[in-house]
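Chain by chain, the residues run as shown.
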Amino acid sequence: MSDGAALAGPDGALRCPWALSAPEYVAYHDEEWGRAVHGDDALFERLSLEAFQSGLSWITILRRRPGFRVAFADFKIASVAAFTDEDRERLLADAGIIRNRAKIDATLANARVLAEWSPGDLDALIWSHAPDPATRPAPKTLADVPPVTPESTALSKALKKRGLRFVGPTTAYALMQACGLVDDHLAACVARSALSGARGTARSTP
């Protein structure tokens with residue numbers, strides 16, 4: 001794993017090495033990460049979870065995702081935008097999520113901002129920053145995968161300009177990777193091969 005190249009899993013298939021670091025990662029890597037996600041609510045969920053992940057490992061968020069979905073009303077923008085002060089206190093006391101005051105407040109504030117947008121605006125804004133796949137050669141090792149790109153920096157600026165919080169360039173790039181705006185599966189990865197024939201397939205749920 002030290003060179004960051006694709007590794008064979010228990011089934012013999014080559015995968016990105018991070019996918020083999022925890023049992024929960026395999027299904028997420030194979031079935032979700034890098035596949036196109038569309039829909040304002042689905043993207044709000046991903047954006048919120050990526051913000052909660054800041055400073056933590058993604059496995060921490062993945063293991064608590066069911067709790068997050070219960071706590072945040074399945075990340076329905078209209079529902080979260082209507083949360084009250086009592087809901088905020090409930091979230092701050094909920095051991096099933098990450099009880100970070102700043103991140104909780106940002107999620108609630110973002111929902112209120114997004115509730116004022118027209119349907120499809122979030123989807124359109126995020127996907128307008130997807131780079132041309134032809135300009136991105138398949139990474140051979142993890143060292144070839146950048147933490148930030150010009151497109152993620154531009155997306156971060158666009159989201160912040162529209163009033164969203166906790167959407168820095170690194171968080172924006174993690175969102176782009178997770179939601180299929182870019183394909184950062186390694187060249188030898190079995191998931192990249194699967195995606196090559198299905199690029200652009202929409203998924204309304206994460």
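Computed from a predicted structure; not experimentally measured. (Residues numbered from 1 in each chain as written. Predicted model: local features only at pLDDT ≥ 70, side-chain atom pairs only at ≥ 80, totals over all residues. Heavy atoms only, no water.)

## What to know about the overall build of the protein chain
Of regular secondary structure, the protein chain possesses 10 helices and 2 strands. Reading the secondary structure of the protein chain in the N-to-C direction produces β-β-α-α-α-α-α-α-α-α-α-α. Here the C-alpha radius of gyration of the protein chain, 17 Å, is about what a compact globule of 206 residues would show, namely 17 Å. Classification of the 206 residues of the protein chain by burial places 47% in the buried group. In the protein chain, of all internal contacts separated by at least 6 residues, the share reaching a separation of at least 24 is 67%. Accessible surface, the protein chain as shown: approximately 9,500 Å² in total, 54% of it carbon and sulfur. In the protein chain, which carries 24 positive and 25 negative side-chain charges, the distance between the mean positions of the two groups comes to 3 Å. (Helix = DSSP H or I, 4+ residues; strand = E, 2+ residues; numbered from the N terminus. Rg over C-alpha atoms; globule rule 2.2 N^0.38 Å. Buried < 20%, exposed > 50% of the residue type's maximum accessible area, 1.4 Å probe, protein only. Contact = heavy atoms within 4.5 Å. Areas by Shrake-Rupley, 256 points an atom, 1.4 Å probe, with all protein chains shown as cover. Lys, Arg positive; Asp, Glu negative; His and termini not counted. Charge placed at Lys NZ, Arg CZ, Asp CG, Glu CD.)

## Thoughts on the packing of helix H2 (residues 40-53) against helix H3 (residues 58-71)
Running from N to C, H2 and H3 point in directions that differ by 130°, and their axes come no closer than 10 Å. Classified by the interaxial angle, the pair formed by H2 and H3 is oblique. The handedness of the crossing between H2 and H3 is right-handed. Seen from H2, the contacting residues are Glu45, Leu49, Glu50, Phe52 and Gln53; seen from H3, they are Trp58, Ile61, Arg65, Phe68 and Arg69. Looking at the contact of H2 with H3 residue by residue, the classes come out as 5 nonpolar, 1 polar and 4 charged. (Axes fitted to C-alpha atoms, helices over the stretch in contact; angles between N-to-C directions. Parallel < 35°, antiparallel > 145°, perpendicular 65-115°, else oblique. Left-handed = near helix turned anticlockwise from the far one by under 90°. Nonpolar A, V, L, I, M, F, W, Y, C, P; charged D, E, K, R; others polar.)

## Details of the state of the cysteines
This structure, assessed with the given rule, holds 0 disulfides. For Cys16, which is in no disulfide, the shortest distance to another cysteine sulfur is to Cys189 and amounts to 3.9 Å. Residue classification places Cys16 among the buried positions, given a relative accessible area of 0%. Cys16 supplies the cysteine sulfur nearest to Cys179, a cysteine that is in no disulfide, at a spacing of 16 Å. Judged by its relative accessible area of 0%, Cys179 falls in the buried class. (Disulfide = S-S within 2.5 Å.)

## What to know about the confidence of the model for the protein chain
On average, the protein chain scores 93 in pLDDT, and the residues at 70 or more come to 94%. Taken as a whole, residues 197-206 scores under 50 in pLDDT and shows 24 contacts with residues more than four places along the chain or in a different chain. (pLDDT = per-residue confidence, 0-100.)

## A short note on the pattern of salt bridges
Taken as a whole and assessed by the stated rule, the structure comprises 12 salt bridges. Note that Asp30 and Arg15 form a salt bridge whose closest N and O atoms lie 2.9 Å from each other. Of the two residues, Asp30 is situated in helix H1 (residues 23-31) and Arg15 in strand E2 (residues 14-15); the sequence distance between them amounts to 15 residues. The exposure class of Arg15 is buried, given its relative accessible area of 5%. The partner of Arg136 in a salt bridge is Asp184, with the nearest N and O atoms 2.7 Å apart. (Salt bridge = Lys/Arg side-chain N within 4 Å of Asp/Glu carboxyl O.)

## Some details on helix H6 (residues 101-114)
For H6, built from 14 residues, the straight-helix expectation of 20 Å at 1.5 Å per residue is met to within 8% by its first-to-last C-alpha distance of 20 Å. Considered for burial, the residues of H6 that qualify are Lys103, Ile104, Ala106, Thr107, Leu108, Ala109, Asn110, Ala111 and Leu114. Those residues of H6 that are buried lie in contact with H2, helix H4 (77-81), helix H5 (85-92) and helix H7 (121-127). (Expected span 1.5 Å × (residues − 1).)

## A short note on the environment of Pro10
Position of Pro10 relative to the elements: it lies in the loop between strand E1 (7-8) and E2. Distance from Pro10 to Ile98, taken between C-alpha atoms, is 32 Å for residues 88 residues apart in sequence.

## Looking at unusual backbone geometry
Even without a glycine there, the phi angle at Ala73 is positive, about 50°. Phi is positive for Phe166, close to 60°, though the residue is something other than glycine. Looking at Phe166, the relative accessible area reads 33%, which means it is partly exposed.

## So, the packing of H2 against H6
Interhelical geometry of H2 versus H6 gives an angle of 155° and a closest axis separation of 10 Å. With respect to H6, the axis of H2 lies roughly antiparallel. Judged by the twist between their axes, the crossing of H2 over H6 is right-handed. Contact residues: H2 offers Phe44, Ser48, Ala51, Phe52 and Gln53, while H6 offers Lys103, Ile104, Thr107, Asn110, Ala111 and Leu114.

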